[in-house]
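# Notes for the structure review
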Amino acid sequence: MLLSNERVIILDSGSPYVQILARRVRECGVFSQVVPGHLSAEEIQNLAPKGILHTDDCSEVKNFAQLDIPAFAVPLPVDKAQVEKFLRDDCGCRCDWNMKKYAEQAVEQIKEQVGEGQVICGLSGGVDSAVVAALVSKAIGKRLKCIFVDHGLLRKGEADSVEAAFSKHFDIDFRKIDAADGFLERLAGVEEPQEKRRRIGHYFIDVFAQAAQDANDSEDGSGGAVRFLAQGTIYPDIIESMAKIDRETGKPLEAIKLHHNVGGLPEKLGFQLVEPLRQLFKDEVRQLGLELGLAEDFVWRHPFPGPGLAVRCLGEVTREKLAKLREADAIVVEEIHKAGLYRQVSQAFAVLLPVKSVGVSNGLRTYDDAVAVRCVKTDDFMTADWSVLPTDLLKTISSRIISEVDGVNRVVYDISTKPPATIEWE
């Protein structure tokens, strides 16, 4: 879904600065798209870009050297002024791309894609799915059916709060499905992160397919069969799920991670996808949400991964481990709120580690679980730095987790940046 007639492409050389460059271009008011660095000249020509940018360590220059398209090797670090000069002077870009235009064009493209059909949308309670629901609802109204799947991997109290929020504030067909048992059955014995994501993604589609069938069989009889599935896929999901190419061997490398709504979909989906956020970074999704009239507090909720607590419960996922993790996670978020730092921290959560450590309780030796606390600050979630929290706050979080969560005797604070680490642990 291209929502601008001005596009420049950025060749992905594997450098972490590629995503920063993509953000700088959009900050200049031009739509940017990251593409694999190994694209042929013909493939690049077919994209019809107004310009080509790449980091100065990119070795794939030969692939587009013969094309009559302005190209710029951007030095490190990225200089926004230089980029804007290239976009205006060399590429002739108007630099007028913004979220208001994006919203208007997205609504029209949804109408064109869906026609008179019905759409089913999976609500997670997060920003991405809420913005998708708002966009699709604006385009087709009551023909949108929103399904909230409680997969048993949600944060403490989240299932009830999501149901209350969407039932009360959104004029949509809202349906809740309790599928926790099915998800946990499919995760039993699974420890490998990518396999967790695959199984969760596949079962999500199974649940949605049944939900769509149930919607088709419902008594209201409005609009016929549901053929479209709306998803909150965003641009970082696409980029991080994109396989890289080894420069020496030419063979594909493993992607950074497999997002359940990108690489985990079964071949026989049964729906046509509607993904109006597919080309947006996280901060752009928030801007779009505000443009659509969503409440500011809701728009600025911390993101939550599609696979939920499954990727924060390292190793095998069990009900017992999830219960511990929920309590620890709730303490982290509660204390961040109390300290007035929720908006300053981009994402805050707990991770249950697959290790035990020796401790002391009431003069007796313990051998219990360890919890990691992760708090980061970022604009686009493609790069992130760890948040420097007050010592007293960290002390309170640690003390509460150890004293209130049974079976935990150690808390550590994650001070890793992205890259080289990712925000989530799995």
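As a reminder, the structure under discussion sits directly above these lines.
Residues numbered from 1 in each chain as written. Predicted model: local features only at pLDDT ≥ 70, side-chain atom pairs only at ≥ 80, totals over all residues. Heavy atoms only, no water.

## Side note on the sheet that holds strand E7 (residues 173-178)
Short version of the rule: Pairing between strands is defined by DSSP: at least two bridges between them are needed. Where helices and strands are cited, they refer to DSSP runs of H or I of at least four residues and of E of at least two residues respectively, numbered from the N terminus. Each axis is a line fitted through C-alpha atoms, taken for helices only over the stretch in contact, and angles between the N-to-C directions span 0 to 180 degrees. Here, residues are in contact when the closest pair of their heavy atoms is within 4.5 Å.
Taken in spatial order, the 5 strands line up as E7-E6-E5-E8-E9 in an open sheet, and their pairing is parallel. Edge positions in the sheet fall to E7 and strand E9 (272-274), since each has one partner strand and no second. On average, adjacent strands in this sheet sit at an angle of 30 degrees to one another, irrespective of strand direction. Strand direction decides the pairing type here: strand E8 (residues 226-230) and E9, joined by 3 bridges, are parallel. Bridge pairing links Ala230 to Val274 in E9. Running over the sheet, helix H5 (residues 127-140) touches strand E5 (118-123), strand E6 (144-150), E8 and E9 and is turned about 160 degrees from E5.

## Description of the packing of helix H12 (residues 319-338) against helix H13 (residues 391-404)
For any two helices packed against each other, the geometry is given by the interaxial angle and the distance between the axes. Selection rule: Angular relationships are summarised with four words: roughly parallel below 35 degrees, roughly antiparallel beyond 145, roughly perpendicular across 65 to 115, and oblique for the angles in between. Crossings are assigned a handedness: left-handed for a near helix turned anticlockwise from the far helix by less than a right angle, right-handed for a clockwise turn. Residue classes follow a fixed rule: Ala, Val, Leu, Ile, Met, Phe, Trp, Tyr, Cys and Pro count as nonpolar, while Asp, Glu, Lys and Arg count as charged, and any other residue, Gly among them, counts as polar.
Across the interface, H12 lies against H13 with an axial gap of 10 Å and an inter-helix angle of 150 degrees. Judged by the inter-axis angle, H12 sits roughly antiparallel to H13. As for how H12 packs across H13, the hand of that crossing is right-handed. Taking contact as the criterion, the partners of Ala328, Ile331, Val332, Glu334, Glu335, Ile336 and Lys338 in H12 are, on H13, Leu393, Thr396, Ile397, Arg400, Ile401 and Glu404. For the contact of H12 with H13, a count of residues per class yields 7 nonpolar, 1 polar and 5 charged.

## Points about the pattern of salt bridges
Heads up, the condition is: By convention in these notes, a salt bridge is any Lys or Arg side-chain nitrogen within 4 Å of a carboxyl oxygen on Asp or Glu. Each residue's exposure class comes from its accessible area (1.4 Å probe, protein chains only) as a fraction of the maximum for that residue type: buried when under 20%, exposed when over 50%, partly exposed otherwise.
Using the criterion set out here, one finds 33 salt bridges in the structure. Glu327 is paired through a salt bridge with Lys156; the nearest N and O atoms lie 3.2 Å apart. Taken as a pair, Glu327 in helix H12 and Lys156 in the loop between E6 and helix H6 (158-169) lie far apart in primary sequence, 171 residues in all. Taking the relative accessible area as the measure of exposure, Glu327 reaches 32% and is therefore partly exposed. Where salt bridges share partners, they join Glu6, Lys50, Arg94, Asp96 and Lys101 into one cluster.

## Focus: unusual backbone geometry
Along the chain, Lys418 connects to Pro419 via a cis peptide bond; the corresponding omega equals -15 degrees. At the junction of Pro419 and Pro420, the peptide bond is cis and its omega measures out at 10 degrees in the coordinates. The phi angle at Ala48 is positive, at roughly 50 degrees, despite the residue not being glycine. Here Ala48 lies in the loop between helix H2 (41-46) and strand E3 (51-55). Of note in this structure, Cys95 is not a glycine but carries a positive phi near 60 degrees. Residue placement: Cys95 occurs in the loop between helix H3 (80-90) and helix H4 (99-114). Take Cys95: its relative accessible area is 12%, and that puts it in the buried class.

## Some remarks on the nonpolar core
Threshold: The term nonpolar core refers to a set of buried residues drawn from Ala, Val, Leu, Ile, Met, Phe, Trp, Tyr and Cys, joined through side-chain atoms within 4.5 Å.
In terms of nonpolar packing, the biggest core is built from 90 residues, with Leu288 and Ile401 touching the most fellow members. Top contributing element to this core by residue count: H5, with 10 residues. Aside from chain neighbours lying at most four places away, what touches Leu288 is Met99, Tyr102, Ala103, Val131, Leu135, Leu277 and Leu280. Membership of the second largest hydrophobic core comes to 25 residues, among which are Ile20, Phe72, Leu87 and Met382.

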